[in-house]
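Fold and geometry: a report
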Amino acid sequence: MIKKQGAMAIALLALTACSSNFQLPTTSTSPVVAGELDKTMYLRGDFTLWDAEPQYRLEETQPGIYATKARFMSPGKVYEFKIADEQWSEGYNCGYKSEGQLMLGQPLVADCNTVYNYFSFKPSKKGWYEIRLDYRNPRSPKVVIVKS
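Figured I'd write up the structure that's included with this text.

Scoring rules and cut-offs
Residue numbers run consecutively from 1 along every chain, following the written order of its sequence. Two thresholds apply to this predicted model, a pLDDT of at least 70 for residue-level local features and 80 or more for giving and counting side-chain atom pairs, whereas whole-chain, interface and lining totals are computed over all residues. Only hydrogens and water are set aside; all other atoms, that is, all heavy atoms of the structure, feed into the side-chain values. Per the convention used, a helix needs a DSSP run of H or I reaching at least four residues, while a strand needs a run of E reaching at least two, with both numbered from the N terminus. Relative accessibility decides the category of a residue: with a 1.4 Å probe and only protein chains considered, values under 20% of the type maximum give buried, values over 50% give exposed, and everything between is partly exposed. Contacts: residue pairs with any heavy atoms within 4.5 Å of one another. The accessible surface values rely on the Shrake-Rupley method and a 1.4 Å probe; as for residues, cover is taken only from the protein chains in view. The term salt bridge refers to a pairing of a side-chain nitrogen on Lys or Arg with a carboxyl oxygen on Asp or Glu at a separation within 4 Å. In this description, the term disulfide denotes a pair of cysteine sulfurs within 2.5 Å. Take the buried residues of types Ala, Val, Leu, Ile, Met, Phe, Trp, Tyr and Cys, join any two whose side-chain atoms come within 4.5 Å, and each joined set is a nonpolar core.

The next point concerns the overall build of the protein chain. Along its length, the protein chain carries one helix and 10 strands. Scored against the burial criterion, the 148 residues of the protein chain give a buried share of 34%. Taking contacts inside the protein chain between residues at least 6 apart in sequence as the whole, the part at least 24 apart equals 59%. Looking at the protein chain as shown, the accessible area adds up to about 10,000 Å², and 54% of this sits on carbon and sulfur atoms.

This is the structure:
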């Protein structure tokens, strides 16, 4: 009799569990919203004496993409820079995450909470270059440099 009651209790528990309102998570079909910067960001480097200069202010060129131009006049020279606001604020002080040597057209993941970790770029030709911050995914921003 005890065995029979135990089996009934287990069956009752199983049936109760089956009647719970359990739902599997569904994938969202809502569009991904580009990250938006709420502070003005600047290209700051050895060529600006690390100052936030107006001519190096990043402008939004498309949703979540910010860019500015710089003229690098010494081919073979290593230029070091970061992208940061005027105060080097936490969350707005972007350097490299794991590797800092930028190659033309190849994005690198940025860490916007870093104190050092300067990006570096060694142009093979003098001229104008566009430096872009891709902030469409604020958890994994990327920096890329292209010839203008």
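With the rule as written, the count across this model stands at five salt bridges. Linking Asp 46 and Lys 77 is a salt bridge whose minimum nitrogen-to-oxygen distance equals 3.4 Å. With a gap of 31 residues between them, Asp 46 in the loop between β1 (42–45) and β2 (59–62) and Lys 77 in the loop between β3 (65–72) and β4 (79–84) connect regions that are remote in the sequence. Between Asp 134 and Arg 136 there is a salt bridge, and its shortest N-O distance comes to 2.6 Å. On the basis of relative accessibility, which here comes to 43%, the residue Arg 136 falls in the partly exposed class.

Here a disulfide denotes a covalent bond joining the sulfur atom of one cysteine to the sulfur atom of another. By the definition in use, this model includes one disulfide. One disulfide in the model links Cys 94 with Cys 112; its S-S distance is 2.0 Å. Every disulfide takes its handedness from the sign of the S-S torsion; for Cys 94 and Cys 112 that torsion is 100°, giving right-handed. Here Cys 94, found in strand β5 (residues 93–96), pairs with Cys 112, found in the loop between β7 (108–111) and β8 (119–121); they are 18 residues apart in sequence, far enough to count as distant. Accessibility classification places Cys 94 together with Cys 112 in one group, the buried group.

The next subject is unusual backbone geometry. The backbone of Trp 50 sits at a positive phi, close to 65°, despite the residue not being glycine. Positionally, Trp 50 belongs in the loop between β1 and β2. In this model, Trp 88 sits at a positive phi of 55°, which is unusual for a non-glycine residue. Among the secondary structure elements, Trp 88 is positioned in the loop between β4 and β5.

The subject of this paragraph is the nonpolar core. Of all hydrophobic cores here, the largest spans 25 residues; its most connected members are Leu 43, Phe 72, Ile 83, Leu 102, Ile 131, Leu 133 and Val 143. Sorting the residues of this core by element identifies β3, β4, β7, β8, β9 (127–134) and β10 (142–147) as the ones contributing at least two each. Those residues in contact with Leu 102 that lie beyond four places of it in its chain are Phe 81, Leu 108, Phe 119, Ser 120, Phe 121, Val 143, Val 144 and Ile 145.

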